[in-house]
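These are the residues of each chain, in order.
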Amino acid sequence: MEKYVLGIDLGTSAVKVSCLDQLGRIVDQEIEDYPVYNPAEGFSEQNPNDWVHATLDAVKKIMSKLKDLAKIDGISFSGQMHSLVILDKNKQVIRPAILWNDSRTANEADYINKNFGKEIVEITGNKATAGFTLPKLLWLQKNEPDNFAKIRYFMMPKDYVRYKMTGKINMDYSDATGTIILDIAQNRWSNKILNFFNIPKYCCPTLVNSTDFIGFPLKEVCEQTSLNTDAKIFAGGGDNAVAAIGSGILNSQNLLCSIGTSGVVLADEQNPHTPYEGTLQMEHHAVAHHFYSMGVTLAAGESLSWFRDTFFPEKSFTDLLLMAQNSDLGSNKLFFTPYINGERTPYSDSYIRGSFTGISKILTKNDFCRAVIEGITYSLRDLISIYEQNNKTIEKIVCIGGGAKSKFWLKLQADVFGKKIVSLKNEQGPGIGAAMIAAMGCQWFKNWESCINLFVRYNDIITPNQHNSVLYNKYYNLYQKIYSSTAPLARAAAEL
């Protein structure tokens, strides 16, 4: 009987389920969309049960196409980090999930940093920003006290889907560090943080490793999806940790650059004691006893989606990239800053907003398209620059996500970063990584290196054009000055 693993990647806009065989080959992938709700400016929410329905529908479609003799040996997860799901004592969802890119909690993040700032970094490895989970809990305390009083469990999105599939409630260490409630060195929930902010410890799920076996699918899940009842379900991890596995970022001097809804630059770290002092996030890896550092620009692909939906709704992303190629390097001196949701790294500013700078009558729609793409890439270079300033050796950068689907954008990244770039033959890093966690849980491999060697497959390396890199350095230096010029105006406007 042929054996397969399923990697479930629960993203912000869709769930992607990948089915891989024992040679690391993708035999099928299914994608199911679900909506994001924005009930007020800065609010970003989802219905957790939308994730469950979409996931089970995707699994059902995959199972319908597998041979009768095929068997799903293991299942694991990658999920959007930081987003808050709360359940009552009956394990029912209390309110819509507050997502990672929701910026309503700026005041709560400021309060944490003002009253607990030095210790929060010492304990968790992170400064508080609006995206983390703890500020969301404090916002509920203040603004929805009745809902806060009902909380019996809080969890991440993938944990909720896994609970609905197994009946078990857990949280893995990689997602737990993203709450800024976990003591990153002691591997346990911090009583000091919980007590200071009056959060009951019983709300915190049991902690597990990403490869820990959680359970088998419930009978009703098997009936709905045709999953075999002995499919083993493993904990999984936060999307960036799992994407790092799926991209082979482990014990190396490579960086991961992911352009999805957000933009992420990530590096493997051997311990949580780094020189970044909270400028970069520090998280548990999905690989036991490993850590990773990470910088995030909140609206990478989302900026391009916003631009298309607002100005060119009839065009595809491919169309926009073709338009961008018809503009010159530097977009005729037009700059775009992708701060449409505020920004996390390096500014940690929930009030800043995006901008076009340098508009003149000679500009074309092609220039605006290229400026958006260049602005997103400049914001990612902000993150790479932090590593360079801290003497991190960077041999090459592995690119995944939407920015890795376009040869034009890959070359642009190489030129802007001034680094060698490599993409994956399948750019679905989180989904592949989730399948790899399942494969390791099922003991298909003795170690992670063997698993990575079989599952992770790279395309050719793209080297930067030195002439273009020199020009982009000049434009990037100008781009960096825009934030300090616009931040006071953005904060003043927010206070009107």
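So, here is what we can say about the structure in this document. (Residues numbered from 1 in each chain as written. Predicted model: local features only at pLDDT ≥ 70, side-chain atom pairs only at ≥ 80, totals over all residues. Heavy atoms only, no water.)

1. Quick look at the layout of surface pockets
Gaps between atoms show up when a probe of the same size as a water molecule is rolled over them.
Right, so step 1: Reported here for the second largest pocket is a volume of approximately 270 Å³.
Right, so step 2: Taken together, Glu 41, Gly 42, Phe 43, Ser 103, Arg 104, Ala 106, Ser 350, Tyr 351, Arg 353, Ala 490 and Ala 494 make up the lining of the second largest pocket. (1 Å grid on protein atoms, 1.4 Å probe; cavity = no way out; pocket = protein on both sides within 12 Å on 5 of 7 lines; lining within 4 Å. Points joined across faces, edges and corners; volume = space filled by probe spheres on them.)

2. Side note on empty space enclosed by the protein
Right, so step 1: Tallying each qualifying case throughout the model produces 2 cavities of 30 Å³ or more.
Right, so step 2: What the largest cavity holds in volume is close to 80 Å³.
Right, so step 3: Considered class by class, the residues forming the lining of the largest cavity number 3 nonpolar, 7 polar and 4 charged.
Right, so step 4: Approximately 30 Å³ is the volume found for the second largest cavity.
Right, so step 5: Lining the second largest cavity, in full, are Leu 137, Phe 148, Ile 151, Phe 154, Ile 199, Pro 200 and Cys 203.
Right, so step 6: The class makeup of the residues in the lining of the second largest cavity is 7 nonpolar, no polar and no charged. (Nonpolar A, V, L, I, M, F, W, Y, C, P; charged D, E, K, R; others polar.)

3. A look at the pairing of strand β2 (residues 14–21)
Two faces make up the sheet, and in a regular strand the side chains alternate between them.
Right, so step 1: The element β2 is largely enclosed, with a buried count of 7 among its 8 residues.
Right, so step 2: Judged from the 7 bridges that link them, strand β1 (residues 3–10) and β2 form a sheet pairing that is antiparallel. Across the sheet, the residue bridging to Asp 9 is Lys 16, located in β2.
Right, so step 3: Joining the antiparallel neighbours β1 and β2 is a turn of 3 residues.
Right, so step 4: The pairing of β2 with strand β3 (residues 26–33) spans 7 bridges and is classified as antiparallel. The partner of Val 17 across the bridge, within β3, is Glu 30.
Right, so step 5: With antiparallel pairing between neighbouring strands as the criterion, β2 and β3 make up a hairpin whose turn holds 4 residues, including Gly 24 at a positive phi of roughly 80°. (Buried < 20%, exposed > 50% of the residue type's maximum accessible area, 1.4 Å probe, protein only. Helix = DSSP H or I, 4+ residues; strand = E, 2+ residues; numbered from the N terminus. Pairing = 2+ DSSP bridges.)

4. Describing the packing of aromatic side chains
Right, so step 1: On inspection of all chains with the given rule, the structure shows 26 aromatic pairs.
Right, so step 2: On the numbers, 6.4 Å between centres and 70° between planes, the contact of Tyr 111 with Phe 197 is edge-to-face. With a gap of 86 residues between them, Tyr 111 in helix α2 (residues 106–124) and Phe 197 in the loop between α7 (191–196) and β12 (206–208) connect regions that are remote in the sequence.
Right, so step 3: Classification of Tyr 111 by relative accessible area gives partly exposed; the value is 43%.
Right, so step 4: A centroid spacing of 4.8 Å and a plane angle of 75° characterise the contact between Phe 196 and Phe 197, whose relative ring orientation is edge-to-face.
Right, so step 5: Taken together, the ring pairs in this structure connect Trp 306, Phe 307, Phe 311, Phe 312, Phe 336, Phe 356 and Phe 368 into an aromatic cluster.
Right, so step 6: Directly above the ring of Tyr 153 sits Arg 152, whose terminal nitrogen or CZ lies 4.5 Å from the centroid.
Right, so step 7: Lying over the aromatic face of Phe 317, Arg 308 brings its terminal NZ or CZ to 4.2 Å of the ring centre. (Phe/Tyr/Trp six-rings, centres within 6.5 Å; stacked < 30°, edge-to-face > 60°. Lys NZ or Arg CZ within 6 Å of the ring centre and 35° of its normal.)

5. Here we look at the sheet that holds strand β18 (residues 281–284)
Across a sheet, paired strands are connected by hydrogen bonds in the backbone, their directions being either parallel or antiparallel.
Right, so step 1: Taking strand neighbours across the sheet as the criterion, the 6 strands line up as β18-β19-β17-β16-β22-β23 in an open arrangement whose pairing is mixed. With one partner strand each, in any of the chains shown, β18 and β23 (421–423) form the two edges of the open sheet. Within this sheet the neighbouring strands show an average axis-to-axis angle of 30°, counted without direction.
Right, so step 2: Relative to strand β19 (residues 291–297), β18 runs antiparallel, the two being bridged by 4 bridges. (Axes fitted to C-alpha atoms, helices over the stretch in contact; angles between N-to-C directions.)

6. Side note on the environment of Lys 392
Right, so step 1: Of note, Lys 392 is situated in the loop between α12 (365–389) and β22 (397–401).
Right, so step 2: Residues Lys 392 and Leu 218, spaced 174 residues apart in sequence, show a C-alpha to C-alpha distance of 46 Å.
Right, so step 3: If sequence neighbours within four positions are ignored, Lys 392 has contacts with Ala 267, Asp 268, Glu 269, Tyr 276 and Tyr 387.
Right, so step 4: Reaching out from Lys 392, the side chain makes a polar contact with the backbone oxygen of Asp 268 at a distance of 3.3 Å. (Contact = heavy atoms within 4.5 Å. Polar contact = N/O pair within 3.5 Å; in protein donor to acceptor, adjacent residues only side chain to side chain.)

7. Remarks on unusual backbone geometry
Right, so step 1: Between Thr 345 and Pro 346 the backbone carries a cis peptide bond, its omega angle lying at 10°.
Right, so step 2: Mapping Pro 346 onto the fold places it in the loop between β20 (335–337) and β21 (355–357).
Right, so step 3: One non-glycine residue, Ile 180, adopts positive backbone phi at about 50°.
Right, so step 4: Here Ile 180 shows up in the loop between α6 (173–177) and β10 (182–183).
Right, so step 5: You will see that Ser 331, though not glycine, has its phi angle at about 55°, which is positive.

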